Amino acid sequence: LLHYTYRYVPKHHTEPTGPNQFLSGDESSPHSATRYPLPKYIYKILPTAPPTPLPAALEISALDRRDGYIHLSAASEVVGTAARFFADARALWLLKVDSARAAAPRGSAEGSEEEGRAAGGGGCFAWMDGRPGFPHLFSAEPGRDFADLGSGSVVEIREVGRAEGQTWEEALKQ
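An account of the accompanying structure is given in this report. (Residues numbered from 1 in each chain as written. Predicted model: local features only at pLDDT ≥ 70, side-chain atom pairs only at ≥ 80, totals over all residues. Heavy atoms only, no water.)

For the rest of this paragraph, the subject is the side chain of Asp148. Considering the arrangement of structural elements, one finds Asp148 in the loop between strand S7 (136-139) and strand S8 (154-161). The class for Asp148 is buried, based on a relative accessible area of 14%. Once residues lying within four places of it in the same chain are set aside, the contact partners of Asp148 are Ala56, Ala57, Arg106, Gly121 and Ser153. (Helix = DSSP H or I, 4+ residues; strand = E, 2+ residues; numbered from the N terminus. Buried < 20%, exposed > 50% of the residue type's maximum accessible area, 1.4 Å probe, protein only. Contact = heavy atoms within 4.5 Å.)

As a further point, take the sheet that holds strand S5 (residues 91-98). Reading across the sheet, the three strands line up as S3-S5-S8 and stay open at both edges, with antiparallel pairing between neighbours. Looking along the sheet, the strands with just one partner apiece sit at the ends: strand S3 (41-46) and S8. Neighbouring strand axes in the sheet, compared pairwise and without regard to direction, differ in orientation by 25° on average. Where S5 and S8 come together, seven bridges link them in antiparallel fashion. Within the sheet, the bridge partner assigned to Trp93 lies in S8 and is Glu159. Relative to S3, helix H2 (residues 78-85) is tilted by about 15°, and along the sheet it contacts S3 and S5. (Pairing = 2+ DSSP bridges. Axes fitted to C-alpha atoms, helices over the stretch in contact; angles between N-to-C directions.)

The two faces of S7 match: His136 and Phe138 on one face and Leu137 and Ser139 on the other face are all buried. Across two bridges, strand S4 (residues 70-71) lies against S7 in antiparallel orientation. In the sheet register, Ile70 faces S7, and the bridge partner there is Leu137. Bridging between strand S6 (residues 123-126) and S7 involves four bridges; their strand directions are antiparallel. Bridged to Phe125 within S7 is Leu137.

What follows deals with unusual backbone geometry. For the peptide bond that leads from Thr52 to Pro53, omega is -5°, which places it in the cis range. When you line up the elements, Pro53 lands in the loop between S3 and helix H1 (62-67).

With that settled, the discussion passes to the pattern of salt bridges. Taken as a whole and assessed by the stated rule, the structure comprises six salt bridges. With a shortest N-O distance of 2.7 Å, Asp64 and Lys44 are connected by a salt bridge. Note that Asp64 is positioned in helix H1 and Lys44 in strand S3, a separation of 20 residues in sequence. Both residues of the pair, Asp64 and Lys44, belong to the buried class. (Salt bridge = Lys/Arg side-chain N within 4 Å of Asp/Glu carboxyl O.)

Looking at the secondary structure, you find Asp98 in strand S5. By relative accessible area, Asp98 is classed as buried at 3%.

Before going further, it helps to spend a moment on the pairing of S3. Of all six residues that make up S3, five are buried, and the element is covered over most of its length. In this sheet, S5 lies alongside S3 in antiparallel orientation, the contact comprising six bridges. Across the sheet, residue Ile42 finds its bridge partner in S5, namely Val97.

See the structure below:
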């Protein structure tokens, strides 16, 4: 089980980070220092189909760009995230992200079980409100605003559609 130390990461931090390393940042932030195991898989929800083949780095959404990090959900949070932020959508795409690959140094195969697959996304994580849940993916590399989320860290893509009147909870159970 991977353990990461999480701390608020300013948009333009200067200290490279990774597993079991602290990030510099503002202690008064809602992303305060915590120590929780990161799930092996976390999820990115997209309202449109990702490109095929999946690129090494997906385009950053307007929300992620505005907030300065990539919004993700733990498996137990997918239904609530879909209901809250994608209430009007008829279909969603769930990207299953290997958290170790997303946090590996950019371009490395660290955490990859597939030989020769460039897995590193160059990211580091922070939990929302300093407790487990709603992981945020930041770049761990100086001079880069975002980590790579794409073919090196996404291990599965699932399209989920829902019928009229069907909730996301019902659709995601199928």
